[in-house]
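Residue-level structure breakdown
Now for the letters of each chain:
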Amino acid sequence: MGPSLNQDQTVSDDRKSPQNEQNMRMSGPEVIPVSRWRQAAPQVLAVGAKNLLLLSYGCTVGFATILLPALQKAEPDIDVTLDEITWISSINLILVPVGCLGSGLISGYLGRRKTMMISNAPFIAAWILYYYSYNSTMLFCALAMTGLTGGLLEAPVLTYVAEVTQPHLRGMLSATSTMSVILGIFIQMLAGSLTTWRMAALINITFPTLCFILLCLIPESPHWLIGKGRMNEALKALRWLRGWVPAEHVRAEYNSVCEAIQKSQHLDSERGVRAWSHYTDRTFWVPFFLVSWVFLIGHFGGMAPLQTFAVSIFSDLHAPIEKFKAAVMLGAAELLGTLSCVILIHFTGKRKIALISVLSTAICFSIAALYGSMINQGLIVGEDYAWIPTYALIGSAYFSHLGIRLLPWVLIGEVFSAQVRSIAAGAASAFGYASNFVVNKVYLYMKEGMTLAGTFWFYSGVGLVGGIVIYFILPETEGRTLREIEEHYAGTQNLKTRPRKEDLPIKEKWSASNPTPVTDVVEIRL
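Notes on the structure in this doc start here. Quick caveat: nothing in here was measured; it's all calculated off a predicted structure.

Here we come to the pattern of salt bridges. Counted under the stated rule, the structure contains four salt bridges. A salt bridge links Arg112 to Glu163, with the shortest nitrogen-to-oxygen separation between them at 2.8 Å. Note that Arg112 is positioned in helix 6 (residues 112–132) and Glu163 in helix 8 (residues 154–164), a separation of 51 residues in sequence. Among the ionic pairs, Asp316 bridges to Lys447, the shortest N-O distance being 2.4 Å. In this pair, Asp316 is assigned in helix 16 (residues 310–316) and Lys447 in helix 23 (residues 443–473), connecting sequence segments 131 residues apart. Accessibility expressed as a relative area gives 34% for Asp316, which makes it partly exposed.

Pasting the structure below:
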């Protein structure tokens, strides 16, 4: 019995040897080779560099908030008509879809990182043009440049996050995309209370310049590189993104991604699948309807025009605080709501936070609408209760950005199948910006025809109806792998609930066996 014990002890000691521990770490993808913090750090850095580009775009969106009041004052720097003002508030938004339509093709050909780097140049040129503008034509040209560039960056920034992050980080890091846009909008609202619009335009040149520098330091998407046959570069990029580790630590994930991409290309070749055939499947149309519906609710629920016309709306409501300060508070509420979403979405899931967001926003607009209706009927004196709609609208900014305004941008990177993800991201973004254009373009006409109170009642009704529909059509994608989400839309499983807590650590390890090859069939042919 003694020798038997000694032999067992020898085996146990041998298993604990440093060499065997190293072999065990490299033996399969189920063992995390480095700490979770080290794994997450490079993914956060890569997404952060990309987010600076979205911050630059957010500055272009928020710039209208400080430009329009300057053009509407008694003696403006540039003379414009009412019709020109409606175009200034929306022309960049209608041109974003035009850029979106080619965004997937361009990023598929040039790569995610290079497309994002190129996008910084038009932003810099537009800010310079803003600074030197002396007529409406120059303003329109600058707006057109920012709109087209905003569309161009949609597919690369959305697919880049899905391609470089692991499943347990994807939801949170995807939500930071909209947070970056909102931060850019808030910076413009703050600048409007501190300096002139021309000086703000000059300061804004800083952001795309810094973004270009940082993008030079992060790797290209390994999935795109594999799709182009650049295997060594893909392996190097994956090593960087998983914690600056040796090749052996990412070999399993690398091989799995290679196999998935090559298998997809081989099957399509065998079946003679045409480039656009995947876009006729329910795995494209059902999630496309979902994302489009969420975009409609987010925009026609009232926040898009409130954000653009914040200063004039607070002026019409006789806000108890200075109108530019009220706009800054609105921007701060948007930013706080976005930050809350980033923090909470991992714990609450998307369904719960989306429903709370859309219904609370609708209630806030109902309060503002009720106040306006009572003012119109002479039931109350506006000056005495002006704080009620002011803070209700600021509250709507917080609740809308807690969920419904961020949700479509998060879903775009998740709900589409690997065969259509890049092009679908561009098309869905195009629809989102088109709806944003419409609601901004018609706001002044709605206000004139329906009164401000009637317009707010319309926004509230859209939110209530939208929330009911979302309850029935929105799956719970938080904590789910891209493969599970794709199977949901293929009809093979139902994702109405979050995965069990005990299953989450297992899903975190699926990053190697759950590749996210964002390689459209169209991209393969480029």
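Text resumes after the structure shown.
We now examine helix 15 (residues 282–308). Its axis deflected by about 55° at Phe300, helix 15 carries its strongest bend there. Summarising burial for helix 15: 22 of the 27 residues are buried, a large majority.

As a further point, take the layout of surface pockets. Approximately 370 Å³ is the volume found for the second largest pocket. Around the second largest pocket sit 16 residues that line it, and Arg113, Pro219, Glu220, Leu225 and Glu233 are the ones nearest its centre. Where the lining of the second largest pocket is concerned, the elements lending two or more residues are helix 5 (91–110), helix 6, helix 12 (222–227) and helix 13 (231–241). Here the lining of the second largest pocket takes five residues from helix 13, the largest share from any one element.

Attention shifts here to empty space enclosed by the protein. Under the defined criterion, the tally for this structure stands at seven cavities of 30 Å³ or more. Considering only enclosed or pocket space, the largest cavity measures out at about 390 Å³ in volume. As for the largest cavity, its lining consists of 30 residues, of which Val181, Arg405, Trp409, Tyr433 and Asn436 are closest to the centre. Elements that contribute at least two residues to the lining of the largest cavity include exactly helix 3 (36–72), helix 5, helix 8, helix 9 (167–194), helix 15, helix 21 (407–412) and helix 22 (421–441). With seven residues, helix 15 is the largest single contributor of residues to the lining of the largest cavity.

One way to put it is that helix 5 packs onto helix 7 (residues 136–152) with a least axis distance of 5 Å and a crossing angle of 35°. Considering the relative orientation of helix 5 and helix 7, their crossing is right-handed. Across from Ile91, Asn92, Leu95, Val96, Val98, Gly99, Cys100, Ser103 and Ile106 in helix 5, the residues of helix 7 making contact are Phe140, Leu143, Ala144, Thr146, Gly147, Leu148, Gly150, Gly151 and Leu152. When its residues are assigned to classes, the contact of helix 5 with helix 7 shows 11 nonpolar, seven polar and no charged.

To continue, consider unusual backbone geometry. Comment: phi is negative for the bulk of residues other than glycine, and the bulk of peptide bonds are trans. Phi is positive for Trp244, which is not a glycine, with a value near 55°. Considering the arrangement of structural elements, one finds Trp244 in the loop between helix 13 and helix 14 (251–271). You will see that His318, though not glycine, has its phi angle at about 55°, which is positive. Position of His318 relative to the elements: it lies in the loop between helix 16 and helix 17 (323–348). Residue classification places His318 among the partly exposed positions, given a relative accessible area of 47%.

Definitions and limits used
Residues numbered from 1 in each chain as written. Predicted model: local features only at pLDDT ≥ 70, side-chain atom pairs only at ≥ 80, totals over all residues. Heavy atoms only, no water. Salt bridge = Lys/Arg side-chain N within 4 Å of Asp/Glu carboxyl O. Helix = DSSP H or I, 4+ residues; strand = E, 2+ residues; numbered from the N terminus. Buried < 20%, exposed > 50% of the residue type's maximum accessible area, 1.4 Å probe, protein only. Bend = angle between axes of the 7 residues up to and from the residue. 1 Å grid on protein atoms, 1.4 Å probe; cavity = no way out; pocket = protein on both sides within 12 Å on 5 of 7 lines; lining within 4 Å. Points joined across faces, edges and corners; volume = space filled by probe spheres on them. Axes fitted to C-alpha atoms, helices over the stretch in contact; angles between N-to-C directions. Left-handed = near helix turned anticlockwise from the far one by under 90°. Contact = heavy atoms within 4.5 Å. Nonpolar A, V, L, I, M, F, W, Y, C, P; charged D, E, K, R; others polar.

Distances and angles like these do not, on their own, reveal function.
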